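Working through the structure, step by step
The chain contents come next:
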Amino acid sequence: MAQTNTSPIFLGFSSQKGGVGKSTLAEIVSSILYYEEGLNLFVVDCDLSQDSFYKLRQREKNAIENSPDMSRQLQTYFSSLGRIAYRVLKADPENAIACANDQIRKNTNGRYDLVVFDFPGHAGTSELLQLSLDMDYILSPIEADVQSMVSCLSYARTIQDMGISMRDVRIKDIMLLWNKVDRRVKSKLMDYYSDYLVKEGFTLLQCRIHAAHRFSHELEQYGFRGAFRSTYLAPAKALRSGTGLDELVEELLMNIRLKKEVNDGKD
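A brief report on the enclosed structure follows. (Residues numbered from 1 in each chain as written. Predicted model: local features only at pLDDT ≥ 70, side-chain atom pairs only at ≥ 80, totals over all residues. Heavy atoms only, no water.)

**Considerations on the overall build of the protein chain**
Short version of the rule: Going along the chain from the N terminus, every DSSP run of H or I of four or more residues is numbered as a helix, and every run of E of two or more is numbered as a strand. For every residue, the accessible area (1.4 Å probe, protein chains only) is compared with the maximum for its type, and the residue is labelled buried under 20%, exposed over 50%, or partly exposed between those bounds. Contacts: residue pairs with any heavy atoms within 4.5 Å of one another. We get accessible surface area from the Shrake-Rupley algorithm with a probe of 1.4 Å; when it comes to residues, only the shown protein chains can shield them. When charges are counted, Lys and Arg contribute as positive and Asp and Glu as negative, whereas His and the chain ends are disregarded. Charged groups are reduced to one reference atom each: NZ for lysine, CZ for arginine, CG for aspartic acid, CD for glutamic acid.
For the protein chain, the count of helices and strands is 10 helices and 7 strands. Across its three principal directions, the C-alpha atoms of the protein chain cover 50 × 45 × 35 Å. For the protein chain, the residues scored as buried account for 53% of the 267 residues in total. Summarising the internal contacts of the protein chain: among those between residues at least 6 apart in sequence, 80% fall at separations of at least 24. Surface summary for the protein chain: the accessible area is close to 13,100 Å², and the carbon and sulfur share equals 48%. The positive charge centre, built from 33 side chains, and the negative charge centre, built from 35, are 3 Å apart in the protein chain.

Below you can see the structure in the form of structure tokens.
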């Protein structure tokens, strides 16, 4: 599908290794981009074996329905924000683009800036390869493990090469990101692979996301102010300190060429 000036950017979160934090990162980054950066977006959860994004939204809905205090807090929050929560749709990889385009056509509240796709944990089938090529950009979290790096680099190389050699594909770049980095451990393997990735022409983001238990903190258990992983609000800036998330958002927006919008200081 050719992109027009009014088409939203398609951003996929994809990884060839399970447990690398792909879905959690997609959830948190989407909420920061929507609730703080003012980008108009929606999400398509294509990871039907896990439904992590979609199920998180359902858990949060249930928690809000069962807590009058939380419901009041969120009503006040959305009223001050002047927005409603972004949509989280579910579709299999083969129908994900059609699902997204249908939502874009039905939208009556202005144009979308971005569509976030949470990919399945393994992108080895022809449908998943096609979905990858239908993205504008892919963000792929990686960890410094030899076996997983072989798989991740094979996928990244395939997408990179096909994006260059094929005319009728949308993909512009696949961005690699060191995720769940333990700051207490100096990883020579990570430094080695970082140098290798740059020399091989891959896009490796300069920021690194540091491991922290708070990434798993949800609204139901930690409440409105303590939630970190949520589809209804971005994690508080104080909680994000030292994680690398703000640096990621800044670098991501620059790479995908989306202009940040000021939301008048509203949280």
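Still more to cover.
**Considering helix α2 (residues 52-65)**
Note the threshold: Here a helix's expected span is defined as the number of its residues, less one, multiplied by 1.5 Å. Working definition: the arc comes from the directions between the helix axis and the C-beta atoms, pointing outward to the latter.
The terminal C-alpha atoms of α2, which comprises 14 residues, lie 20 Å apart, in line with the 20 Å expected from a rise of 1.5 Å per residue. Of the residues making up α2, those classed as buried are Ser52, Phe53, Leu56, Arg57, Glu60, Ala63 and Ile64. Projected down its long axis, α2 carries its buried residues within an arc of 135°, all on one side. Those residues of α2 hidden inside the fold are in contact with α1 (22-35), β2 (41-45), α3 (68-81), β3 (88-90), β4 (114-118) and α8 (219-226).

**As for the packing of aromatic side chains**
Rules: A pair of aromatic rings is counted whenever rings of Phe, Tyr or Trp (Trp by its six-membered ring) have centres within 6.5 Å, and the orientation is called stacked for planes under 30 degrees apart, edge-to-face for over 60 and tilted otherwise.
Scanning the model with the defined rule gives 13 aromatic pairs in all. Seen in terms of ring centroids, Phe42 and Tyr112 are 4.7 Å apart; in terms of plane orientation they differ by 65°. Their pairing is edge-to-face. Placement of Phe42 in strand β2 and of Tyr112 in the loop between α4 (96-106) and β4 is noted, with a sequence separation of 70 residues between them. The same class applies to Phe42 and to Tyr112, which are both buried. For the ring pair Phe215 and Phe228, a centre distance of 5.0 Å and an interplane angle of 55° mean the geometry is tilted. Of the two residues, Phe215 is situated in the loop between β7 (203-210) and α8 and Phe228 in the loop between α8 and α9 (237-240); the sequence distance between them amounts to 13 residues. Three or more aromatic residues link up through ring pairs in this structure, and these residues are Tyr34, Tyr35, Phe53, Tyr77, Phe78, Tyr86, Phe224 and Tyr232.

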